[in-house]
Amino acid sequence: MTSYKEPYRPRCHFTSVTGWLNDPNGLVFYKGEYHLFFQHNPKGTEWGNMTWGHALSADLVQWHQLPDAIEPYGGGMIYSGSAAVDHNNSAGFAPDRGEHALVACFTHAHKPYGQALAFSLDRGRTWILHDHGRHVVPNQGLDECERDPKIFWHEPSRKWIMVLWVKKGTVRFFKSNDLKAWQYASDFLTEYFYECPDIFELPIAAETPGSRWILHDAAFNYWIGFFDGNAFRAETGPLRGDFGANFYAAQTWNNMADRRVQIAWMRNGKYPGMPFSQQMSFPCALTLLRSAAGLRLHRQPVEEIKLLYDTLSYHDSFTLKPGMNPLAGIEESAFDLHFEADLSSAGAIVFRIYGREIRYAPGQHVISALGQAARLTSDNGLIKLRIIVDRTSIEIFGNEGAVSMSSCFIPDSGSTDFKLYTESGNAVIKDLSIHRLNSIWQ
Ligand code: FRU
């Protein structure tokens, strides 16, 4: 048990009660519940004993951890994978059409690795290995550690699709009628690709009709292109989806009709002395927008963050001059900060959050934070930032999610070093609102 109040326990990011976690797995929405499975070591705070942990949420932000869902068998650990709702009962797992089977496809990590299935007939509470966990996709002979199947239903071809990482630089597509027998479809080759593929279609904002497919790897290098049920053809890429220090193995939810929501492992955060290790990123909605540079992904925290809003500090429009500090007095461990300013007569602006710096230099169009930097263009000096601060993480969203940076840190104990200042000149602040965030743990 935990009070969720340990010193380095994030307030509004998912962590396991105890033990290590890494990749989000099996993200699927079904009957009002968001499922978050995750790579879990139930026995320690280091990587190992990989098992699918499980948590549920009705709103994507407040989570409730359930018993582990899929445990190692046959000498193999349960590595990353995905889950889907079998609406047509194409696998025949559901005894009748009243309850749909949830189907999980994962890597059975026993060399040479293969891909296996489990299913649930009770809304994800308990899982049964299909065919005793035998591989439905055997090792392809390209790498003994082929892994991380992402499955989804492709309506135009009325087939199940699997994209699988088969070796450095190659992902392989398969198709199936019944989730059990998989037929080779194509390979997508590119030198960059490394583990945890995800692929999904997004509408192009404000263009009807118009859509593209996004394919990305664990480091969130992404390609924009077309998928016809057999092969992915890239039009653009690779592009970088996140510029922070700790964003890895992201996956999006299957079976959400209205939007595409993504969560990632914030890889390599530090949680000294805690009964758990590692946290997930805040769930973000992905959109595809056309900019001067071409189509680009945008990431923004899901609207449901508002369910966590507590008190608000709001500053009406004002001019930030040297010597002022509108962040004085902040002591909260978690907040959602919105900032909009005209920096045309300012040098760089700096946020100090627990003593960590986020610096934006409008002349160079560069934002830097926690050792990372990204290009963020200001339009005639106008800039928008959204910063979600939790006990051990800072996530920055520039210009409505055009740039995101997700990073972890360890706060110095008792630090109240919160500042906002310009290095030179005056900044015209149009919006500075700071919503304190309540804990997601009930
Ligand atoms: C990515 C990864 C996956 C693998 C899992 C094992 O972080 O290495 O490729 O399935 O973690 O925990």
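Residues numbered from 1 in each chain as written. Predicted model: local features only at pLDDT ≥ 70, side-chain atom pairs only at ≥ 80, totals over all residues. Heavy atoms only, no water.

### Brief notes about the site of the ligand
If you check the shell around the ligand, you find 13 residues, and the closest are Asp23, Gln39, Trp47, Arg147 and Asp148. Aspartate 148 places a side-chain nitrogen or oxygen 2.5 Å from an oxygen atom of the ligand. In this structure, glutamate 195 approaches the ligand through a side-chain N or O atom, which is 3.0 Å from an oxygen atom. In the complex, the protein chains occlude 92% of the 310 Å² of accessible area that the ligand would expose alone. Elements with a minimum of two residues in the shell around the ligand: strand E1 (19-30), strand E5 (77-86) and strand E9 (147-154). For the shell around the ligand, the residue count by class is six nonpolar, three polar and four charged. (Near = heavy atom within 4 Å. Polar contact = N/O pair within 3.5 Å; in protein donor to acceptor, adjacent residues only side chain to side chain. Areas by Shrake-Rupley, 256 points an atom, 1.4 Å probe, with all protein chains shown as cover. Helix = DSSP H or I, 4+ residues; strand = E, 2+ residues; numbered from the N terminus. Nonpolar A, V, L, I, M, F, W, Y, C, P; charged D, E, K, R; others polar.)

### A short note on the domain arrangement of the chain
Domain annotation of the chain identifies domain 1 (19-304) and domain 2 (309-437). For domain 1 and domain 2, the distance between their C-alpha centroids amounts to 32 Å. In this complex, domain 1 contributes 21 residues to the contact, which on the side of domain 2 involves 20 residues. The contact between domain 1 and domain 2 buries some 1,700 Å² in all, and 55% of this surface belongs to carbon and sulfur atoms. Connecting domain 1 to domain 2 are zero salt bridges. Linking domain 1 with domain 2 are 13 residue pairs in polar contact (both at pLDDT 80 or more), by the criterion used here. (Domains from an automatic or database assignment. Contact = heavy atoms within 4.5 Å. Buried area = accessible area lost by both parts, 1.4 Å probe. Salt bridge = Lys/Arg side-chain N within 4 Å of Asp/Glu carboxyl O.)

### Things to note about the pairing of strand E12 (residues 183-189)
Bridge analysis of strand E11 (residues 170-176) against E12 gives six bridges, and the strand direction is antiparallel. Counted as the bridge partner of phenylalanine 173 is serine 186 from E12. Hairpin connection from E11 to E12: six residues lie between these consecutive antiparallel strands, with leucine 179 at a positive phi of about 70 degrees. (Pairing = 2+ DSSP bridges.)

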